[in-house]
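# Architecture at a glance
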Amino acid sequence: MRCTLARWIYSLIMVLAQPLLRLKLKRRGRKEPAYLQAVGERFGYYGQAVPCVEGLTVWVHAVSLGETRAATALIQALRAQWPGMRLLLTHGTATGRVEGQKLLQAGDVQTWQPWDTPGAVKRFLQHFKPGIGVLMETEVWPNLVAACQQQAMPLVLANARMSDKSMRQARRLRCLSAPAFAGLHAVLAQTQADADRLELLGAPMGAGLSAVVGNLKYDAQPDATQLSRGRQWRANSGKPVVMLASSREGEELAWLQAVSALGATTPVQWLVVPRHPQRFDEVASLIASRGLNVLRRSDWTEAGPHAPNDDAIWLGDSLGEMALYYGMADLCLLGGSFAPLGGQNLIEAAACGCPIIMGPHTFNFAEAAEHALAAGAAWRVADAQQALSMALALLANDAPLQAARHAANTFAQQHRGAVARTSQGLKAALAPPQSSTSH
């Protein structure tokens, strides 16, 4: 009774919050117009009917850019496993939706994630009638899970992760989180620690399968053309390139302060790539405010970045080109790890053969970070100033840097295989019928 009341109150709050969501989308849409597209989809209203197809409709929810990239290889494997399937791909962010467009084939459908009200979720399920739901990483919503249960639609949390901090937050809201996690059909976790935490929250680990299948991000292949071009541009730069990769708010300022403290004679080409595209202009202005020149990727030529002087900081203001930037970098500083944000995807850097200097905060990739450290592909420091000092020391001695590049490639290759294990796990756990019709 208590948990039923908790979800009723939660649902009421979510309904009342819809005007606030619309205002938030309007504000974000000023910088990212994609947030203003098809707003009604977020509330379960769709402009056209979904054509009937023979076969299984597989719903994959990848909320943002990182989850969408992680889902890429899995979707390819599912198409091979279930020929003729239709993909229903949902997102919560504009960057995820743009990246997801690359994954669509004829007959597939892409839409926004429904806002977690009973009405929006019900309309979403009735309109698309998915046969299977796959939520990527952390996206467990109380009303969404309850509605899938009511319709007997299997819902799996794949590439699942759960940090200590997130687990503590979930346990404080036990009346909401416990039924939601227990209502999943299965959970396929990245690591044993993730599996243990999810099991404590009541999740059905693996539905009789191995609950730990690894991290899908290891199976992502860097774009070979981008990687080759980046390495060529690095060779043409005349200086070693050090990148602040996928930086978050507050980290660029600390990094720029550390750069300024080194003086003007540092023989390094600095490159910064912010994590979120809406911050590109902000970071460019921040660099300029420090009295430094900036050369943006959007102003580069086919021959790469060329500045009127050698002091310009390069700014990566493009989406979908991380392999290019990692190819350019002799080493990278891991964004999200110098502020208490959990760190960004260090696996992508390693797969490109780019050694990594991490800050103290890597809880989103805790096991991967420890494995990278043990393999010699990464180093950990306390702050941005120590990161720059270490970078300069490594650039002054090529032998350890070359060893770290080799270690990064080896580390990334050794942990592959999560896609095959996940796709097989989904096949066994969901046991779809041999033929079905989705409308």
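The coordinates are above.
Everything in this summary refers to the structure shown in the same document. None of these values were measured; they are calculated from a predicted model.

Turning next to the pattern of salt bridges. What the rule picks out here adds up to 18 salt bridges. Across the pair Asp330 and Arg405 runs a salt bridge whose closest N-O atoms are separated by 3.0 Å. Taken as a pair, Asp330 in the loop between helix 13 (322-328) and strand 12 (331-334) and Arg405 in helix 17 (residues 398-414) lie far apart in primary sequence, 75 residues in all. The exposure class assigned to Asp330 is buried, which follows from its relative accessible area of 11%. Using a relative accessible area of 13% as the deciding quantity, one classes Arg405 as buried. Connected through shared salt-bridge partners, Arg69, Glu99, Lys102 and Glu348 make up one network.

Take Ala403: it is sitting in helix 17. Sequence spacing of Ala403 and Gln126 is 277 residues, and the spatial spacing of their C-alpha atoms is 55 Å.

If you walk through the whole model with that rule in mind, you get nine aromatic pairs. Aromatic side chains Tyr218 and Phe411 sit 5.7 Å apart centroid to centroid with 80 degrees between the ring planes, which places their arrangement in the edge-to-face category. Of this pair, Tyr218 sits in the loop between helix 9 (192-200) and helix 10 (224-236) while Phe411 sits in helix 17, and the two are 193 residues apart along the sequence. For the pair formed by Tyr218 and Phe411, the shared burial category is buried. Taken together, a centroid distance of 5.8 Å and an interplanar angle of 65 degrees make the contact between Trp300 and Trp314 edge-to-face. A residue pair is termed long-range when its members are at least 10 positions apart, and Trp300 in the loop between strand 10 (294-296) and strand 11 (313-315) and Trp314 in strand 11 qualify at 14 residues. A single burial state applies to Trp300 and to Trp314, both of which are buried. One cation-aromatic arrangement involves Arg42 over Trp112; the distance from NZ or CZ to the ring centre is 3.8 Å. The ring of Trp112 is capped by Arg97, whose NZ or CZ atom sits 4.6 Å from the centre of that ring.

Whenever strands of a sheet pair, they do so through backbone hydrogen bonds, lying parallel or antiparallel. The strand order 4-3-2-5-6-7 describes an open sheet built from six strands, whose pairing is parallel. Only two strands of the sheet have a single neighbouring strand rather than two, namely strand 4 (109-112) and strand 7 (186-189). The sheet shows a mean angle of 20 degrees between the axes of neighbouring strands, taken without regard to direction. Sheet topology places strand 5 (residues 132-136) next to strand 6 (residues 155-160); four bridges connect them, and they run parallel.

Taking burial as the measure, the five residues of strand 2 (residues 57-61) include five buried ones, the bulk of the element. Burial of the side chains of strand 2 extends over both faces: Thr57, Trp59 and His61 are buried on one face and Val58 and Val60 on the other. Considered for its hand, the β-α-β crossover made up of strand 2, helix 3 (residues 65-81) and strand 3 (residues 86-91) is right-handed. When strand 2 meets strand 5, the two strands line up parallel, connected through four bridges. Bridge assignment links His61 to a residue of strand 5, and that residue is Leu135.

Let's shift gears to the sheet that holds strand 8 (residues 241-247). One open sheet holds the seven strands; their spatial order is 10-11-9-8-12-13-14, and the pairing between them is parallel. Single-partner strands in this sheet number two, and they are strand 10 and strand 14 (378-380). Along the sheet, successive strands turn relative to each other by an average axial angle of 25 degrees, direction set aside. One ladder, built from four bridges, connects strand 8 with strand 12; its direction is parallel. Counterpart to Met243 in the pairing with strand 12 is Cys332. The sheet strands contacting helix 12 (residues 280-289) are strand 9 (269-274), strand 10 and strand 11, and the helix crosses strand 10 at an angle near 160 degrees.

Rules used in this analysis
Residues numbered from 1 in each chain as written. Predicted model: local features only at pLDDT ≥ 70, side-chain atom pairs only at ≥ 80, totals over all residues. Heavy atoms only, no water. Salt bridge = Lys/Arg side-chain N within 4 Å of Asp/Glu carboxyl O. Helix = DSSP H or I, 4+ residues; strand = E, 2+ residues; numbered from the N terminus. Buried < 20%, exposed > 50% of the residue type's maximum accessible area, 1.4 Å probe, protein only. Phe/Tyr/Trp six-rings, centres within 6.5 Å; stacked < 30°, edge-to-face > 60°. Lys NZ or Arg CZ within 6 Å of the ring centre and 35° of its normal. Pairing = 2+ DSSP bridges. Axes fitted to C-alpha atoms, helices over the stretch in contact; angles between N-to-C directions. Right-handed = clockwise from strand over helix to strand, strands pointing away. Contact = heavy atoms within 4.5 Å.

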